[in-house]
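Fold and geometry: a report
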Amino acid sequence: MLLHRARLLDLHTGVPGFPCDIMIRGDRVESVHPVGGETVGGPDVEVIDLAGRLVIPGLWDQHVHAGQWALASRRLKVSQTARPEEILAEIAAQLDAIADSDGDGIIQGFGLRASRWPANPSAADLDAVTGARPVAIVSADLHSTWCNTAALERLGMSDRPGFLTEADSFTAQIRLAQVSPRTLDRWLDECCRAAAARGVVGIRDMEFSSSTDLWLARQAAGRCPMWVQVAVYPARLQEASGRHLATGQSAAAGSMVEMGPLKIIVDGSISSRSAWCRKPYQGAVGPQRNGVDSIPPEELESLMTRARAAGLRPAVHAIGNLAVHTVLDAFARTGAAGTLEHAQLVDDADLPRFAELGVAASIQPAHLVDDRDTTDVVWADQPHLSFRYRDLLDAGARLLMGSDAPVSPVDPWLAIRVAVERTADRRPGWHLDQAITLSEALLASTGGVSAVRPGGRADLVALDVDPFTTHGEELGSTLATLTIAGGLISHSML
Ligand SMILES: [Zn+2]
């Protein structure tokens, strides 16, 4: 494949190059020549004319829960305060964006609160906006589920009224959670294609029940064309060690599926006040007043030692500053190298240890938008320790970016915008002294690759706009014109 008239954008400098021809063979960039120079290719080579568009290296999402991402993609958002007629309008507005479901797939909404509604709505009310597509909306407290006629049929509950309550609602929810692997794969494929439209060429899948075999089967069926590094959890460390696949190694010759890290979870989250912190949460008492430490340090070190022996790099979830400190200690003692996932609250003394120990900080900037209000309350007395991307970079840490989807969307441009502007809504940037530059944010999205070069992997994205000249909403909604992952076109608007 020959990409004609491409202008390579160097992410270090932000300066686009002169038009060139990029020759791709297999999953590699074979050569890059100025246009009009040496003739490359031949009559059998597919030529794509980029007409001077900018080309950057492919973007990654380093933290995705793939199965949950696929399920959540079918979940419509419903306001908790909405009345039935408002919910119908919300559903109608979102339904178009969801491709038709098949098999056992029921489109699901979540979050309604019916306690103050004068009467229960009917299946026919919902049919009026959904037509024959099966839709079920679960209430925020799970005690009711509003189904249309098609959903009642799929659930085998056609003899019930459309607004299911109590036992009927719980029965419906158990059935709603059962999606066949085939349907889930189809949804996941749509998610991956939407991600490719944002320039994503690879993800690290942190799903608990995922496996390289599952992904190999998906890709053999032509689905989800992107690089996938599949994490394993401690419960399957023994089995993974037996396969003699190191992190980053291909799971099958010629495939895009690779062994991922060993994922270990050390603490909780900010919103549930379970991130493990030096200071107790305000007003909290009892043994968990500092959050939750899910694993004793000796066990953590033993797992990391075993992982290291098996060639697996640990990816350790640590959000609170005590969790971060403990995990860095474990990296130091075991000599393992890997990633520290989230790193939302970091002490000054721990900042330089990331670089010293070869531990990358795998961050999810979009969390900052969702968590800033909670952080202002929960960590009010230590805001300077939160989401400190600037300090991490200045201390030499390597940053990698992701979404923790479905917690935030698989959208590197949202992450990039937030890392640079510390906001993605109308509020001013939050602690702007911790903002990083666009160049730094892009490099954290490409895994450190600054430009498409001969000999490198053919993972690249063509853009209509120059990200270095955009900002705000425009930067955050950047779309790829063409995405190539491993030499394959995974998205094209040409
Ligand atoms: Zn996660």
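First, a word on scope: everything that follows refers to the structure included in this document. Owing to the predicted nature of the structure, the values given are computational and were not obtained by experimental measurement.

**Considering the sheet that holds strand β16 (residues 338-342)**
One open sheet holds the eight strands; their spatial order is β6-β12-β13-β14-β15-β16-β17-β18, and the pairing between them is parallel. The outermost strands of the open sheet, each flanked by one partner alone, are β6 (59-64) and β18 (399-401). Taking each pair of neighbouring strands and ignoring which way they run, the sheet shows an average axis angle of 25°. Bridge analysis of β6 against strand β12 (residues 200-205) gives four bridges, and the strand direction is parallel. Within the sheet, the bridge partner assigned to leucine 59 lies in β12 and is valine 200. Together, β12, β13 (227-232) and β14 (257-265) form the strand contacts of helix α7 (residues 212-220), whose direction differs from that of β14 by roughly 145°.

**So, the pairing of β12**
With respect to burial, β12 is a largely interior element, six of its six residues being buried. Sheet topology note: the β12/β13 ladder contains four bridges and is parallel. The partner of arginine 204 across the bridge, within β13, is glutamine 229. Regarding topology, α7 serves as the crossover connection from β12 to the parallel β13, and that connection is right-handed.

**Some remarks on unusual backbone geometry**
Trans peptide bonds make up the majority, and among non-glycine residues the majority have a negative phi. With an omega of 10°, the peptide bond between alanine 405 and proline 406 qualifies as cis. Backbone geometry at arginine 5 places phi at a positive 55°, although glycine is not the residue there. You can see arginine 5 is positioned in strand β1 (residues 2-8). The phi dihedral of cysteine 224 is positive, around 50°, even though this residue is not glycine. Examined against the element boundaries, cysteine 224 turns out to sit in the loop between α7 and β13. Accessibility expressed as a relative area gives 0% for cysteine 224, which makes it buried.

**Let's talk about the coordination of the zinc ion**
Of the protein atoms, only His63 (NE2), His65 (NE2) and Asp404 (OD) coordinate the zinc ion, at distances of 2.0 to 2.2 Å. The motif formed by the donor residues of the zinc ion, counted along the single chain, is H-x1-H-x338-D. Here the residue histidine 65 occupies a position in the loop between β6 and α1 (66-73), and aspartate 404 occupies one in the loop between β18 and α14 (412-421), the gap between them amounting to 339 residues. Across the pair, aspartate 404 and histidine 65 agree in class, each one buried.

**Details of the packing of helix α2 (residues 84-95) against helix α3 (residues 123-130)**
Orientation of α2 relative to α3, taken along the N-to-C sense of each, is 35°, at an axis distance of 9 Å. Remark: the crossing between α2 and α3 carries right-handed chirality. Contact residues: Leu88, Ile91, Ala92 and Leu95 in α2; Asp125, Leu126, Val129 and Thr130 in α3. Split by residue class, the contact of α2 with α3 holds six nonpolar, one polar and one charged.

**A short note on helix α10 (residues 321-334)**
Helix length check: α10 (14 residues) gives 20 Å between terminal C-alpha atoms against 20 Å at 1.5 Å per residue, within 8%. Among the 14 residues that make up α10, ten are buried, leaving the element largely enclosed by the rest of the structure. Looking only at α10, the buried set comprises Asn321, Leu322, Ala323, Val324, Thr326, Val327, Leu328, Ala330, Phe331 and Thr334. In this fold, the buried residues of α10 make contact with α9 (297-309), β15 (314-318), β16, α11 (351-357) and β17 (359-363). Just beyond α10, the residue with positive phi is glycine 335, at close to 75°.

Scoring rules and cut-offs
- Sequence order as written defines the numbering, with residues in each chain counted from 1.
- Local features in this predicted model are restricted to residues whose pLDDT is 70 or higher, and side-chain atom pairs enter the listing and the counts only when it is 80 or higher, whereas totals over whole chains, interfaces and linings include all residues.
- Only hydrogens and water are set aside; all other atoms, that is, all heavy atoms of the structure, feed into the side-chain values.
- When DSSP finds two or more bridges between a pair of strands, those strands are recorded as paired.
- Each helix corresponds to a stretch of at least 4 residues labelled H or I by DSSP, and each strand to a stretch of at least 2 residues labelled E; elements are numbered beginning at the N terminus.
- The axes are straight lines fitted to the C-alpha atoms, using for helices just the contacting stretch, and the angles between their N-to-C directions are given from 0 to 180°.
- Only heavy atoms enter the contact rule, under which two residues are in contact if any of them lie within 4.5 Å.
- Partly exposed residues are those whose accessible area sits between 20% and 50% of the maximum for their type, while under 20% is buried and over 50% is exposed, using a 1.4 Å probe and protein chains only.
- Here the term right-handed applies to a crossover when the path leading from its first strand over the helix to its second strand runs clockwise, the strands being oriented away from the viewer.
- In this description, a donor is an N, O or S atom within 2.8 Å of the metal centre, a cutoff extended to 3.2 Å for sodium, potassium and calcium. Water is not part of the atom list, which can make sites seem incomplete.
- The sense of a crossing depends on the near helix, which, turned anticlockwise from the far helix by less than a right angle, makes the crossing left-handed and, turned clockwise, makes it right-handed.
- Put simply, Ala, Val, Leu, Ile, Met, Phe, Trp, Tyr, Cys and Pro go in the nonpolar bin, Asp, Glu, Lys and Arg in the charged bin, and everything else, Gly too, in the polar bin.
- Take the residue count of a helix, subtract one, and multiply by 1.5 Å to get its expected span.

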